[in-house]
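This is what each chain is made of:
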Amino acid sequence: MTAARFPSLAHWGAFTALVENGRVIGCEPFARDPAPSNMLDAIPAMVHSPLRIARPAIREGWRAGKPRTGNDRFREVSWDEALSLVAEELTQVRGKFGNTAILGGSYGWSSAGRVHHARTLTRRFLFLGGGCVDQVANYSFGAATYILPRVIGTFAPINGDVTDWPSIVKNARMMIAFGGLALKNGQVTSGGAGAHSLETWLRRAKAAGIDFVSISPVKSDAPDFLGAQWIPIRPNTDTALMLAMVHTLLTEGRYDAQFMLRHCTGFETFCDYLLGRGDGVTKDVDWAAGITAVPAETIRELARRASSTPTMITCAWSLQRAHHGEQPCWAAIVLAAMLGGIGLPGTGFAFGHGSANGIGVPRIDVAGPEVPLPINPARTMIPVARIVDMLLAPGESYEFNGRRYAYPDIELIYWAGGNPFHHHQDLNRLRRAWQKPQTVVVHDGWWTPTARHADIVLPATTALERNDVGGSSRDTFVLAMHRAINPVGEARNDFDIFRALAQRLGYEHAFTLGRDEMAWCEWVYNKVRASAQAKGVALPGFQQFWAEGFVELPPPERDYVLFEDFRRDPEAHPLKTPSGRIEITSQALAALDYTECPPHPAWLAPAEWLGSAAAQRWPIHLLTNQPATRLHAQMDPGPVSRASKVAGREPVRINPADAAHRGICNGDIVRVFNARGACLAGAVIDAGVMPGVAVMATGAWFDPGAAEGEPERHGNPNVLTLDIGTSPLAQATSAQTALVEIERWNAPAPPVRAFAPPELAPAV
Ligand SMILES: Nc1nc2c(c(=O)[nH]1)N[C@H]1C(S)=C(S)[C@@H](COP(=O)(O)OP(=O)(O)OC[C@H]3O[C@@H](n4cnc5c(=O)[nH]c(N)nc54)[C@H](O)[C@@H]3O)O[C@H]1N2
Ligand SMILES: Nc1nc2c(c(=O)[nH]1)N[C@H]1C(S)=C(S)[C@@H](COP(=O)(O)OP(=O)(O)OC[C@H]3O[C@@H](n4cnc5c(=O)[nH]c(N)nc54)[C@H](O)[C@@H]3O)O[C@H]1N2
Ligand SMILES: [Mo]
């Protein structure tokens with residue numbers, strides 16, 4: 001029997017699903033993809049996994065107010081009963097407490113298909129029903145989202161609007177990558193992609209003679225073929241290194257004085273800071289060496305080299321996912337301004353070349369596919385990562401991006417398409433806060449830790465069980481996603497779940513606008529088509545697109561250079577900042593008077609780092625980076641991620657000296673701990689991790705210890721991370737700011753239960 005073939009797409013790439021007897025048996029990479037991700041191999045096992053949620057389920061003890069432990073028993077119920085319960089809960093909470101008692105931000109990546117994008121649908125459903133508390137910005141680049149507009153008038157460059165690769169390959173001769181250029185991250189982009197191109201572009205850049213410098217605590221953040229100079233740096237200290245480079249350029253007269261004068265504002269005030277005129281501290285290379293652990297001479301040499309060759313400065317998003325994460329973004333722009341390359345071909349600053357697929361890929365500016373969102377009538381939001389602060393302190397006031405807000409009082413949490421028990425920091429604190437609302441509703445395809453912490457769990461289909469249109473504004477393909485199999489168990493599409501609820505609540509038409517699944521697919525595609533048309537690009541009609549499975553946008557006619565017009569003529573093309581220039585000092589920020597986000601870029605010690613007093617007790621800085629073998633926590637139970645585990649747990653990579661000192665050998669089970677929590681992990685000794693640093697990828701399914709004080713069993717590093725805002729400006733996550741200690745685990749190792757579904761009582 002030959003398998004039936006269906007085009008499809010995931011955030012990690014386009015593929016053809018191979019189906020036999022109603023089961024997905026394989027995923028063949030899209031023919032046009034030069035570097036498909038092996039994460040595709042996890043899909044068949046995940047689609048037919050025993051962890052799929054088969055039927056709607058209710059947590060036992062919910063009504064009695066029994067705490068949500070993540071290990072509760074669930075009772076399966078009919079769809080009719082489950083939908084009635086959800087509709088009643090929504091009505092009751094709205095009536096008694098109002099719309100701002102519902103948290104519906106539902107942060108998370110959901111699926112690559114945009115019609116069935118669960119987070120969009122959740123917010124659409126709740127907004128149309130009266131509104132909810134939304135979550136703004138993201139975990140990915142929240143700090144940059146609020147600092148960049150203050151400095152350059154837009155946050156577009158953090159979202160992929162950067163000088164493109166062809167321009168870099170032709171014109172740059174050096175690329176300094178803070179946080180490296182990790183190929184592992186290039187497997188993924190939100191909305192998926194037809195082609196994985198990071199490696200292709202890096203190889204072209206290398207062949208063109210560009211010298212790479214990778215500044216990162218971890219050597220493997222730059223692929224070997226780049227032959228990059230590796231400069232290990234203490235985590236969270238990049239700002240100090242950048243400032244010292246700027247100081248060198250300033251004092252050695254190696255900077256573009258003309259550009260600083262004509263295109264920037266507030267340079268003098270900043271120079272006073274660099275030269276220590278206010279605080280008596282000169283921000284020179286010796287000063288920075290003491291903070292960063294990078295030798296003074298290395299920093300000076302790097303500044304000199306950069307000033308004598310066309311240089312692109314690129315920063316991984318990780319740098320700003322830390323306490324005071326606003327600062328490295330700003331300092332990098334000032335460094336690039338001093339070098340004079342902003343707005344010139346191939347040089348200047350950029351973000352995220354090594355953070356996601358598609359950054360810097362040439363593309364005409366056409367909208368990506370998406371379903372529209374109405375306004376939120378509740379007009380209430382929180383910065384995404386402040387969820388626990390909100391749940392623990394309703395009514396408390398806080399500062400955010402120049403305004404004061406009060407946290408709403410939540411009685412109902414509605415989540416579809418995200419996994420807060422993966423993505424949030426300090427999970428033990430989240431677990432306490434999570435007891436606040438009377439009801440938690442979750443849709444997911446699998447019994448994730450978040451589903452297990454819910455009261456009403458609704459089983460969602462996977463992308464292979466429905467028709468959709470996918471793609472990203474960073475990719476040149478729009479992809480058709482054909483339904484390949486019937487829904488597994490009693491799973492339903494999120495769209496159909498919300499439609500049924502909207503029907504019960506009396507606003508079905510507002511939710512669907514009279515369109516069914518295929519009509520939405522056509523509508524979303526036609527929006528892209530119209531956007532292309534406006535750029536003079538003719539795309540085929542929907543029927544042809546659907547039959548062929550994809551369309552490809554033609555390449556742009558010329559290279560894209562960020563701020564080219566501004567560079568040429570700053571008067572005619574000012575930036576959208578108050579001054580129209582690059583703000584090296586910001587009067588607006590000065591007026592806000594935030595100690596933690598001063599009016600110019602500055603080195604501010606993070607709450608925890610290797611130079612802090614806390615490092616006496618907790619001598620290891622823990623980095624929790626993106627996993628090579630999965631997307632966040634998605635597919636952690638699948639074969640690709642499981643093959644990466646060590647002693648059945650998430651690997652933690654540590655330097656040989658740190659391991660030897662603690663008597664830790666390769667493959668040992670270790671306990672990673674601090675005052676916030678502890679988890680077990682499998683040790684991997686790696687000389688490519690600098691001393692004093694440990695690296696654990698995020699995404700191991702949360703497996704809390706059975707008793708108080710027992711470590712999390714599986715290696716979810718978010719039991720250790722710090723849950724504070726980057727600063728009052730962005731209030732973004734500070735996930736990369738965490739000190740820990742590590743020791744060998746000598747007791748018998750408790751079994752990992754994360755991949756066993758919860759105990760189920762059958763439907764009555
Ligand atoms: N310590 C630390 N923590 C971090 C980070 C870090 O660097 N360090 N990174 C952060 C970042 S950048 C991010 S973006 C977040 C990611 O956090 P999330 O986006 O919340 O993580 P995912 O595991 O992708 O969760 C998506 C969930 O949606 C479900 N899903 C997929 N498709 C569908 C669907 O069609 N319907 C429904 N109902 N559900 C669906 C999946 O099964 C999965 O459970 O994590 C953050 N957390
Ligand atoms: N395979 C895979 N790819 C992914 C994802 C995934 O889950 N899986 N998630 C995607 C998502 S949602 C996002 S937001 C992006 C995130 O993209 P990034 O934020 O760039 O990804 P990370 O892996 O967290 O960080 C990249 C590297 O930065 C280094 N680093 C960490 N802290 C510091 C620091 O203080 N200074 C310096 N110089 N280096 C530091 C770490 O060694 C790390 O390996 O990745 C995307 N790509
Ligand atoms: Mo992200």
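This is a predicted model, so every value here is computed, not measured. (Residues numbered from 1 in each chain as written. Chains lettered and ligands numbered in written order. Predicted model: local features only at pLDDT ≥ 70, side-chain atom pairs only at ≥ 80, totals over all residues. Heavy atoms only, no water.)

### A word on unusual backbone geometry
Okay, step 1: A positive phi angle is found at Asn-21, which is not glycine, with a value near 50 degrees.
Okay, step 2: Summarising the element assignment, Asn-21 is placed in the loop between β2 (13–20) and β3 (23–29).
Okay, step 3: Judged by its relative accessible area of 66%, Asn-21 falls in the exposed class.
Okay, step 4: Even without a glycine there, the phi angle at Leu-513 is positive, about 55 degrees. (Helix = DSSP H or I, 4+ residues; strand = E, 2+ residues; numbered from the N terminus. Buried < 20%, exposed > 50% of the residue type's maximum accessible area, 1.4 Å probe, protein only.)

### Remarks on the domain arrangement of the protein
You'll often see interface size given as the accessible area lost when the parts meet.
Okay, step 1: Segmentation of the protein into domains returns domain 1 (165–361) and domain 2 (613–744).
Okay, step 2: A C-alpha centroid distance of 27 Å is found between domain 1 and domain 2.
Okay, step 3: Contact residues are listed per partner, giving 22 residues for domain 1 and 24 residues for domain 2.
Okay, step 4: Here domain 1 packs against domain 2, burying approximately 1,700 Å² in sum over the two surfaces, 59% of which is carbon and sulfur.
Okay, step 5: There are zero salt bridges connecting domain 1 and domain 2.
Okay, step 6: Run the count over domain 1 and domain 2 and you get 14 residue pairs in polar contact (both at pLDDT 80 or more).
Okay, step 7: When the residues that make up the side of domain 1 that touches domain 2 are grouped by side-chain class, the tally is eight nonpolar, nine polar and five charged. (Domains from an automatic or database assignment. Contact = heavy atoms within 4.5 Å. Buried area = accessible area lost by both parts, 1.4 Å probe. Salt bridge = Lys/Arg side-chain N within 4 Å of Asp/Glu carboxyl O. Polar contact = N/O pair within 3.5 Å; in protein donor to acceptor, adjacent residues only side chain to side chain. Nonpolar A, V, L, I, M, F, W, Y, C, P; charged D, E, K, R; others polar.)

### Looking at the environment of His-453
Okay, step 1: Inspection of the secondary structure puts His-453 in the loop between α16 (449–452) and β19 (456–459).
Okay, step 2: Expressed as a C-alpha distance, the spacing of His-453 and Pro-7, which sit 446 residues apart in the sequence, is 34 Å.
Okay, step 3: Those residues in contact with His-453 that lie beyond four places of it in its chain are Arg-68, Thr-69, Gly-70, Phe-421, Arg-431, Trp-434, Val-440 and Phe-702.

### Focus: helix α2 (residues 79–97)
Okay, step 1: Between its first and last C-alpha, α2 extends 26 Å over 19 residues, near the 27 Å set by a 1.5 Å rise per residue.
Okay, step 2: When α2 is considered as a whole, its buried residues turn out to be Trp-79, Ala-82, Leu-83, Leu-85, Val-86, Ala-87, Glu-89, Leu-90, Val-93 and Arg-94.
Okay, step 3: Immediately downstream of α2, the backbone of Gly-98 shows phi near 95 degrees, a positive value. (Expected span 1.5 Å × (residues − 1).)

### A closer look at the site of ligand 2
Okay, step 1: Surrounding ligand 2, one finds 30 residues, the nearest of these being Lys-184, Asp-221, Asp-238, Arg-321 and Ser-355.
Okay, step 2: Asp-238 places a polar side-chain atom, nitrogen or oxygen, 2.7 Å from a nitrogen atom of ligand 2.
Okay, step 3: The backbone of His-632 places a nitrogen or oxygen atom 2.8 Å from an oxygen atom of ligand 2.
Okay, step 4: Contact with the protein chains hides 99% of the accessible area of ligand 2, taken as 920 Å² for the molecule alone.
Okay, step 5: When grouped by side-chain class, the residues that make up the shell around ligand 2 number 14 nonpolar, 11 polar and five charged.
Okay, step 6: A domain-level breakdown of the shell around ligand 2 finds at least three residues from each of domain 1 (165–361) and domain 2 (613–744). (Near = heavy atom within 4 Å. Areas by Shrake-Rupley, 256 points an atom, 1.4 Å probe, with all protein chains shown as cover.)

### Some thoughts on the side chain of Arg-363
Okay, step 1: Mapped onto the secondary structure, Arg-363 falls in the loop between β13 (348–351) and β14 (380–383).
Okay, step 2: Notably, Arg-363 is buried but unbridged: the nearest opposite-charge side chain belongs to Asp-365, and the N-O separation is 5.2 Å.
Okay, step 3: Here Ser-473 takes part through its backbone oxygen, which lies 3.4 Å from a polar atom of the side chain of Arg-363.
Okay, step 4: Setting aside anything within four residues of it in sequence, one finds Arg-363 in contact with Gly-368, Ser-472, Ser-473, Arg-474, Asp-475, Thr-476, Leu-553 and Pro-556. (Lys, Arg positive; Asp, Glu negative; His and termini not counted.)

### A short note on the sheet that holds strand β1 (residues 4–10)
Okay, step 1: As summarised here, the arrangement of the three strands in space is β1-β2-β3, forming an open sheet in which the pairing is antiparallel. At either margin of the open sheet sits one strand with a lone partner, and together these are β1 and β3. Averaged over all adjacent pairs, the angle separating strand axes in this sheet is 35 degrees, with direction ignored.
Okay, step 2: Bridge count between β1 and β2: seven bridges; the pairing is antiparallel. Its bridge partner being in β2, Arg-5 is matched across the sheet by Leu-18. (Pairing = 2+ DSSP bridges. Axes fitted to C-alpha atoms, helices over the stretch in contact; angles between N-to-C directions.)

### Re the packing of helix α7 (residues 238–251) against helix α12 (residues 326–339)
The geometry of a pair of packed helices is captured by two quantities: the angle between their axes and the separation between those axes.
Okay, step 1: For the pair α7 and α12, the least separation of the axes is 9 Å and the interaxial angle reads 20 degrees. Considering the angle they form, α7 stands roughly parallel to α12. Judged by the twist between their axes, the crossing of α7 over α12 is left-handed. Together, Thr-239, Met-242, Met-245, Val-246, Leu-249 and Leu-250 of α7 and Gln-327, Pro-328, Ala-331, Ala-332, Val-334, Leu-335, Met-338 and Leu-339 of α12 make up the contact between the two elements. (Parallel < 35°, antiparallel > 145°, perpendicular 65-115°, else oblique. Left-handed = near helix turned anticlockwise from the far one by under 90°.)

### Details of the nonpolar core
Okay, step 1: With 172 residues, the main nonpolar core has Ile-176, Ile-387, Ile-582, Val-672 and Ile-742 as its most contacted residues.
Okay, step 2: Here the element with the most residues in this core is α12; it accounts for 10 residues.
Okay, step 3: Each of domain 1 (165–361) and domain 2 (613–744) accounts for three or more of the residues forming this core.
Okay, step 4: Not counting residues within four places of it along the chain, the set of residues in contact with Ile-582 comprises Val-151, Ile-152, Phe-259, His-263, Cys-264, Thr-265, Ile-333, Ile-342, Phe-566 and Leu-575.
Okay, step 5: Val-93, Ile-456, Val-528 and Leu-539 belong to the second largest nonpolar core, which has 51 residues in total. (Core = buried A, V, L, I, M, F, W, Y, C linked by side-chain atoms within 4.5 Å.)

### Let's talk about the site of ligand 1
Okay, step 1: The local shell around ligand 1 holds 35 residues, among which His-423, Asp-444, Asp-494, Gln-634 and Asn-718 are the closest.
Okay, step 2: Between an oxygen atom of ligand 1 and a side-chain N or O atom of His-422, the distance comes to 3.2 Å.
Okay, step 3: A distance of 2.7 Å separates an oxygen atom of ligand 1 from a polar atom in the side chain of Asp-444.
Okay, step 4: If ligand 1 stood free it would expose 920 Å²; the protein chains cover 97% of that surface.
Okay, step 5: Elements that contribute at least two residues to the shell around ligand 1 include exactly α14 (420–423) and β18 (439–444).

### Observations concerning the sheet that holds strand β9 (residues 211–215)
Okay, step 1: Taken in spatial order, the five strands of this open sheet run β10-β9-β8-β12-β13, and their pairing is parallel. Bordering the open sheet on either side are β10 (229–231) and β13, each of which pairs with just one other strand. Ignoring strand direction, the axes of neighbouring strands in this sheet form an average angle of 20 degrees.
Okay, step 2: One ladder, built from five bridges, connects strand β8 (residues 174–178) with strand β12 (residues 311–315); its direction is parallel. When the sheet's bridge partners are listed, Met-174 is paired in β12 with Thr-311.
Okay, step 3: Sitting on the sheet, helix α11 (residues 296–307) touches β8, β9, β10 and β12, and the angle it makes with β8 is about 135 degrees.

### A look at the pattern of salt bridges
Opposite charge on two side chains makes pairing possible when the charged atoms of those side chains draw close.
Okay, step 1: With the rule as written, the count across this model stands at 50 salt bridges.
Okay, step 2: The partner of Asp-496 in a salt bridge is Arg-499, and the shortest N-O contact between them spans 2.6 Å. Separated by three residues within a single helix, Asp-496 and Arg-499 lie in helix α17 (residues 494–505), roughly one turn from each other.
Okay, step 3: Among the residues examined, Asp-496 registers a relative accessible area of 23% and is labelled partly exposed.
Okay, step 4: Note that Glu-571 is salt-bridged to Arg-581, the shortest N-O span being 3.3 Å. With Glu-571 in the loop between α21 (564–568) and β23 (582–583) and Arg-581 in the loop between α21 and β23, the pair connects residues that are 10 residues apart, well separated along the chain.
Okay, step 5: Within this structure, Arg-59, Lys-66, Arg-68, Asp-72 and Asp-455 form a network of salt bridges that share partners.

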